[in-house]
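The chain contents come next:
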Amino acid sequence: EVSMEEIPGSKMEMPQGPTMMPQGTTVMSQSTTVTVEQPPPPPRDHLVWSLFTTVYGNVCCLGLLAFFFSVKSRDRKLLGDNSGALSYGSTAKCLNITALVIHIIIVIIVIIVVA
């Protein structure tokens, strides 16, 4: 068996002190940057708002429809379908806003007629 010390020119020597490089030598180093993004927040389903709209201001059954779309949005969210949940949630939001505006207009008309 031959050791590394017996082979001529095979000794590994570490340079002592600072290493001098010839003038004009460029040292390149490679670095890697890893960007970790946070996952987007889950889409909102507006379930509580739809429930209150159904109970207190179910004009033209808009509150019931909003509640239906809110439940569908929550189902999609639990299945991991964020785009479907976002679509159903935005539909529920629009139906809730429409029902709220119609309910406010009816309340204003009733106040004007009674007063």
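Position numbers for residues count from 1 along each chain, tracking the sequence in the order it is written. In view of the model being predicted, local features appear only for residues whose pLDDT reaches at least 70, and side-chain atom pairs are presented and counted only at 80 or more, with totals across whole chains, interfaces and linings using the full set of residues. By convention in this description, side-chain values take in all heavy atoms of the structure and omit both hydrogens and water.

### A few points about the packing of helix H1 (residues 47–56) against helix H3 (residues 82–114)
Fitted lines through C-alpha atoms serve as axes, helices being fitted only where they are in contact, and the angles separating the N-to-C directions of these axes extend from 0 to 180 degrees. A helix here means a DSSP run of H or I that spans at least four residues, while a strand means a run of E at least two residues long, and both kinds are numbered starting from the N terminus. Close contact between H1 and H3 brings their axes to 10 Å; oriented N to C, the two are set at 35°. Both H1 and H3 take part in a crossing whose hand is left-handed. Residues Trp49, Ser50, Thr53 and Tyr56 of H1 form the contact with H3, whose participating residues are Ala92, Lys93, Asn96, Ile97, Ala99 and His103. The residue makeup of the contact of H1 with H3, split by class, is five nonpolar, four polar and one charged. Here is the rule for handedness: rotate from the far helix to the near one, and if that takes an anticlockwise turn smaller than a right angle the crossing is left-handed, while a clockwise turn gives right-handed. For this analysis, residues touch if any pair of their heavy atoms sits within 4.5 Å. Throughout, the ten residues Ala, Val, Leu, Ile, Met, Phe, Trp, Tyr, Cys and Pro are labelled nonpolar, Asp, Glu, Lys and Arg are labelled charged, and all others, Gly among them, are labelled polar.

### Some details on a nonpolar patch on the surface
Two distance rules govern patches: like charges are joined within 9 Å, and nonpolar side chains (Val, Leu, Ile, Met, Phe, Trp, Tyr) within 5 Å, applied only to residues with over 30% relative accessible area and no salt bridge. Accessible surface is estimated by sampling points in the Shrake-Rupley manner with a 1.4 Å probe; for residues, cover comes only from the protein chains shown. When a carboxyl oxygen of Asp or Glu lies within 4 Å of a side-chain nitrogen of Lys or Arg, that pair is called a salt bridge. Taken together, the side chains of Trp49, Ile97, Leu100, Val101, Ile104, Ile105, Ile108, Ile109, Ile112 and Val113 present a nonpolar region at the surface, about 910 Å² in accessible area. Considering each element in turn, the nonpolar patch owes the most residues, nine residues, to H3. Its place among the elements puts tryptophan 49 in helix H1.

### Observations regarding the UniProt feature "transmembrane region" (unreviewed entry) in the chain
UniProt positions are given in the numbering used here, feature names are shortened, and annotations may be inferred rather than shown by experiment. With numbering matched to this structure, UniProt assigns "transmembrane region" (unreviewed entry) to residues 47–71 and 92–114. Within residues 47–71, the helical portion is 80% and the strand portion 0%, while the C-alpha atoms at the span's ends are 7 Å from each other. Helix makes up 100% of residues 92–114 and strand makes up 0%, while its end C-alpha atoms are separated by 33 Å.

### Description of helix H2 (residues 62–79)
For H2, with 18 residues, the first-to-last C-alpha span of 26 Å sits near the 26 Å given by 1.5 Å per residue. Elements that come into contact with the buried residues of H2 comprise H1 and H3. Just downstream of H2, glycine 80 is the residue with a positive phi angle, here 90°. A helix is expected to span 1.5 Å for every residue after the first.

### Concerning the pattern of salt bridges
One pass over the structure, following the stated rule, counts three salt bridges. With a shortest N-O distance of 3.8 Å, aspartate 45 and lysine 77 are connected by a salt bridge. With aspartate 45 in the segment before H1 and lysine 77 in helix H2, this residue pair connects regions lying 32 residues apart in the sequence. A salt bridge links arginine 76 to aspartate 81; its shortest N-O distance comes to 3.6 Å. In this scheme, a residue with accessible area under 20% of its type's maximum is buried, one over 50% is exposed, and one in between is partly exposed, where area comes from a 1.4 Å probe on protein chains only. Of the residues examined, aspartate 81 reaches a relative accessible area of 26% and is grouped as partly exposed.

### Concerning unusual backbone geometry
Notably, histidine 46 is not glycine yet its phi reads approximately 55°, a positive angle. Assignment of secondary structure puts histidine 46 in the segment before H1.

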